[in-house]
Each structure stands twice: as C-alpha cells, then as structure tokens.
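Per-entry structural report
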Amino acid sequence: MATFKSGAFAQQCFAAHPLSLSFKSLTPPDRVVVECVNCHMRHRFTARALTTRAAEVGGPEREAAVDLGACAAAHPAELRVSAVNVMDDAVKLRCGECRRTYAIAVSVFETYRRDG
C-alpha cells in the first residue's frame, strides 16, 4: 500500500476511534510511529520537536526524546495518542503509567497500512 503524506488520515483515525491509537516505535532522532488496532493503519510522525513538561506543575517544557525512549522501553502499552491537531501540526502522547504527556511538533505526517 502507498504511503500518504497527510495528517488528515491520523486526524480522522483519532476522531473515529481515539482509544485504538497506541505507540508502536520511536526511531531516533525524530520518528514516532503509532498504530491503530481498529483500522490497521500506522501513522508516522517526523518530529520537529518532542517535548514534555518538567515534573512540577506549570514547569517549563524540555526536550523529551530520552524520556519517551525510557517510557517506551519500560511500558509501551501504556502510551496512547491523546490529541491530534493537524492545523497546528501537533500530536500528543500520554503515558498511563507515569502520567507524563509528550508533545510532538510534527514536520511530516505519513500514514500506511501495516504489514501482515
């Protein structure tokens, strides 16, 4: 299947079945892949920036690739997509285990059907 370079597919998938989008992989330095178990599509986001907030409430944003990598290694099933906004080129992931939110400023959206 072809790869579609549009955020519309990720936005539509999130709108139709938001609880079905889960983290699949992080490929340094800038690629995050999520998968929809409902429609069997993968959404790949090339990150212009990947940030999280410091532990304290209202803390400053900071770079988060290392944190996301550690979170993904420790409890990948707990990472879910919590927001998709193609107008702002933004995606958010939320970890149910550590309660951390990761904000992705997306430079390229890609969607393709997973193999198998």
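Refer to the structure above for everything that follows.
Since the structure is predicted, the reported quantities are computational estimates derived from the model, not experimental observations.

1. Overview of helix 2 (residues 65-74)
- Regarding helix 2, the residues found buried are Leu68, Cys71 and Ala72. Taken end-on, helix 2 shows its buried residues confined to a sector of 100°, consistent with a single buried face. The exposed residues of helix 2 that point more than 90 degrees off its buried face are Val66, Ala73 and Ala74.
- Packed against the buried residues of helix 2 are strand 1 (21-27), strand 2 (31-36), strand 3 (41-53), strand 5 (79-85), strand 6 (90-95) and strand 7 (101-113).

2. Here's the deal with the layout of surface pockets
- Estimated volume of the largest pocket: approximately 200 Å³.
- In this structure, the largest pocket is lined by 11 residues; those nearest its centre are Thr52, Arg53, Arg99, Arg100 and Thr101.
- Where the lining of the largest pocket is concerned, the elements lending two or more residues are strand 3 and strand 7.
- Here the lining of the largest pocket takes 3 residues from strand 3, the largest share from any one element.
- In terms of residue class, the lining of the largest pocket is built from 3 nonpolar, 3 polar and 5 charged.

The rules behind these values
- Residues numbered from 1 in each chain as written.
- Predicted model: local features only at pLDDT ≥ 70, side-chain atom pairs only at ≥ 80, totals over all residues.
- Heavy atoms only, no water.
- Buried < 20%, exposed > 50% of the residue type's maximum accessible area, 1.4 Å probe, protein only.
- Helix = DSSP H or I, 4+ residues; strand = E, 2+ residues; numbered from the N terminus.
- Arc of directions from axis to C-beta.
- Contact = heavy atoms within 4.5 Å.
- 1 Å grid on protein atoms, 1.4 Å probe; cavity = no way out; pocket = protein on both sides within 12 Å on 5 of 7 lines; lining within 4 Å.
- Points joined across faces, edges and corners; volume = space filled by probe spheres on them.
- Nonpolar A, V, L, I, M, F, W, Y, C, P; charged D, E, K, R; others polar.

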